[in-house]
Amino acid sequence: MITLADLPLRADLIGAEPYGAPQLVVPVVLNVNENPYPPSEVVRREMADAVVDAAAGLNRYPDREALELRRDLASYLGHGLGPDNIWVANGSNEIMSHLLTAFGGPGRRVLAFTPTYSMYPEYARNTCTQYVTVSRHPDFTLDADLICDAIDEQQPTVVLITTPNNPTGTTTSLEVIDEVCRRSDVIVVVDEAYQEFARTPSALELLQKHPRLVVSRTMSKAFALAGGRVGYLAAHPAVVDACRIVRLPYHLSAQTQAVARVALRHSDELLGRVDELAGTARDFEAWLRTRGYAVVDSEANFTLFGRFADRHDVWQQLLDRGILIRETGPEGFLRASAGTPAEMAALRDALDDITPTMQTDTTTQGETA
Ligand SMILES: *Cc1c(COP(=O)(O)O)cnc(C)c1O
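Everything quoted here is computed from the prediction, not taken from an experiment.

Trainee: Give a description of the overall build of the protein that names residues and reports values.
Mentor: Within the protein, the secondary structure is distributed over twelve helices and twelve strands. Relative to the compact-globule value of 21 Å for 369 residues, the protein shows a C-alpha radius of gyration of 21 Å, a close match. Considering the protein as a whole, with its 369 residues, one finds that 54% of them fall into the buried category. Of the contacts formed within the protein by residues at least 6 apart in sequence, a portion of 72% connects residues at least 24 apart. Put simply, the protein has 33 plus and 49 minus side-chain charges, and the middle of one group is 5 Å from the middle of the other.

Quick look at the structure:
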């Protein structure tokens, strides 16, 4: 029998494992920062009708420029953006792949600030871009000097600034991003996957000033459309042109485009729980603090907390009680997404039930965050 070891796999992929959060069927799923509220019956029907309409033309290729969807996304974002400022793909993971294919590649570097999103190294590897990282401050924030010094040192062509950052929920101010764009000529990608939950303003405000600034967004989180696979970016039209070169032909299916347009028409409903979910996360953080946990200041729909003496054991004990959260971030921490009130009650009760053993060393990163 043939195995992977017998195949001419690319040398840099040998030994690699397919990566991703466990997809387990349990009553309480709080591990991948999804919106816990599904679309309403009305929106579902409209999506179904839109797919039926799209199916009438499925013998033809879809609009490979996805122009109508890009127009809708531009008007959703506002800030004077038009369709030529928008690129859209199958999740922001494909957006990142397009950006790194266009602006990274062999001999080039992409720089990120850890701890951060665990998928970035995969996008870098797949596009043969060298992934280099610099640590955030001990409280997980960034400032312009830290970023610019890292750029000077690492000489990347692309810098990833994630705000709110995953898994910490930490935001980076517009002033910092503005200064980085003024002081460097690299492609600055601001990953705003959780921006709708945040109080800190969006980097969209800076796009007119900085042609090398890219703001990446997704419909997977606040928009409650993770299953639809729609991510997008806003940038100078020249950046969009670069992505158009490297995208696979007809990358975004007619059904995806149709469903995303329905979702955007119903943005009021789909985004209707965003403030509530951010509030749920903040309430959970306040509760954790009363119980003596270390909690990272977050503006996203999730919370990073610890520091557990054995985080895997706590993760497993929660799972044994039907609750799936995420084992990620700095050692000793776990991340939980904001769920429904019932889901959060289950999580709080389970934590009280487990009464985990905490780390005793109070001097290490995260304890004071
Ligand atoms: C969830 C997430 C995304 C979204 O990925 P999609 O491919 O759009 O589902 C992007 N960036 C970060 C930091 C995330 O946490």
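Trainee: Tell me about the site of the ligand, and please be specific about residues and values.
Mentor: Near the ligand there are 14 residues, and of these Ser92, Tyr194, Thr218, Ser220 and Lys221 occur at the shortest range. Within the side chain of Asn166, one N or O atom sits 2.8 Å away from an oxygen atom of the ligand. Contact between the ligand and Thr218: an oxygen atom at 2.6 Å from a side-chain N or O atom of the residue. When isolated, the ligand has an accessible area of 390 Å², and the protein chains bury 93% of it. Tallying contributions element by element places helix α3 (residues 91-103) first for the shell around the ligand, with three residues.

Trainee: Break down the sheet that holds strand β10 (residues 302-306) for me, citing the residues and quoting the values.
Mentor: One open sheet accounts for three strands, arranged β9-β10-β12; its pairing is antiparallel. The open sheet terminates on both sides in strands that have one partner only, identified here as β9 (294-295) and β12 (334-337). Where β10 lies against β12, four bridges are found, and the strand directions are antiparallel. Across the sheet, residue Phe302 finds its bridge partner in β12, namely Ser337.

Trainee: If you had to explain the layout of surface pockets to someone new, which residues and values would you point to?
Mentor: If you add up the space inside the largest pocket, you get close to 780 Å³. Secondary-structure elements contributing two or more residues to the lining of the largest pocket are α3 and α4 (120-126). Per-element accounting of the lining of the largest pocket gives the leading share, three residues, to α3. By residue class, the composition of the lining of the largest pocket is 17 nonpolar, 15 polar and six charged. Put simply, the second largest pocket is a space of about 300 Å³.

Trainee: Explain the nonpolar core to me, using residue names and the numbers behind them.
Mentor: Counting residues in each nonpolar core, the largest one holds 66 residues, and the members touching the most others are Phe113 and Met219. When residues of this core are assigned to their parent elements, the largest contribution, seven residues, is made by helix α8 (residues 254-265). Residues contacting Phe113, with those up to four places away along its chain left out, are Val134, Arg136, Leu142, Leu146, Ile147, Ala150, Val159, Leu160 and Ile161. Formed by 24 residues, the second largest nonpolar core is a distinct cluster that contains Val110, Val189, Leu233 and Val239.

Trainee: How would you sum up a negative patch on the surface? Please name residues and give values.
Mentor: Where like charges cluster on the molecular surface, the negative patch consists of Asp310, Asp313, Asp320 and Glu327. Assignment of secondary structure puts Asp313 in helix α11 (residues 311-320). The exposure class of Asp313 is partly exposed, given its relative accessible area of 35%.

Trainee: Can you explain helix α6 (residues 174-183)? Please cite residues and give values.
Mentor: By the burial criterion, the buried members of α6 are Leu174, Val176, Ile177, Asp178, Val180 and Cys181. Buried residues along α6 sit in contact with α5 (144-154), β6 (187-191) and β7 (213-218).

Trainee: An account of the packing of α3 against helix α7 (residues 237-246) is requested, with residue identities and associated values reported.
Mentor: Axis separation between α3 and α7 bottoms out at 9 Å; the angle between their running directions is 95°. Here α3 is positioned roughly perpendicular relative to α7, judged by the angle of their axes. Across the interface between the two elements, His98, Leu99, Thr101, Ala102 and Phe103 of α3 pack against Val239, Ala242, Cys243 and Val246 of α7. A per-class count over the contact of α3 with α7 returns seven nonpolar, two polar and no charged.

Procedures and definitions
Residues numbered from 1 in each chain as written. Predicted model: local features only at pLDDT ≥ 70, side-chain atom pairs only at ≥ 80, totals over all residues. Heavy atoms only, no water. Helix = DSSP H or I, 4+ residues; strand = E, 2+ residues; numbered from the N terminus. Rg over C-alpha atoms; globule rule 2.2 N^0.38 Å. Buried < 20%, exposed > 50% of the residue type's maximum accessible area, 1.4 Å probe, protein only. Contact = heavy atoms within 4.5 Å. Lys, Arg positive; Asp, Glu negative; His and termini not counted. Charge placed at Lys NZ, Arg CZ, Asp CG, Glu CD. Near = heavy atom within 4 Å. Polar contact = N/O pair within 3.5 Å; in protein donor to acceptor, adjacent residues only side chain to side chain. Areas by Shrake-Rupley, 256 points an atom, 1.4 Å probe, with all protein chains shown as cover. Pairing = 2+ DSSP bridges. 1 Å grid on protein atoms, 1.4 Å probe; cavity = no way out; pocket = protein on both sides within 12 Å on 5 of 7 lines; lining within 4 Å. Points joined across faces, edges and corners; volume = space filled by probe spheres on them. Nonpolar A, V, L, I, M, F, W, Y, C, P; charged D, E, K, R; others polar. Core = buried A, V, L, I, M, F, W, Y, C linked by side-chain atoms within 4.5 Å. Patch = residues over 30% accessible without salt bridge, like charges linked within 9 Å, V, L, I, M, F, W, Y side chains within 5 Å. Salt bridge = Lys/Arg side-chain N within 4 Å of Asp/Glu carboxyl O. Axes fitted to C-alpha atoms, helices over the stretch in contact; angles between N-to-C directions. Parallel < 35°, antiparallel > 145°, perpendicular 65-115°, else oblique.

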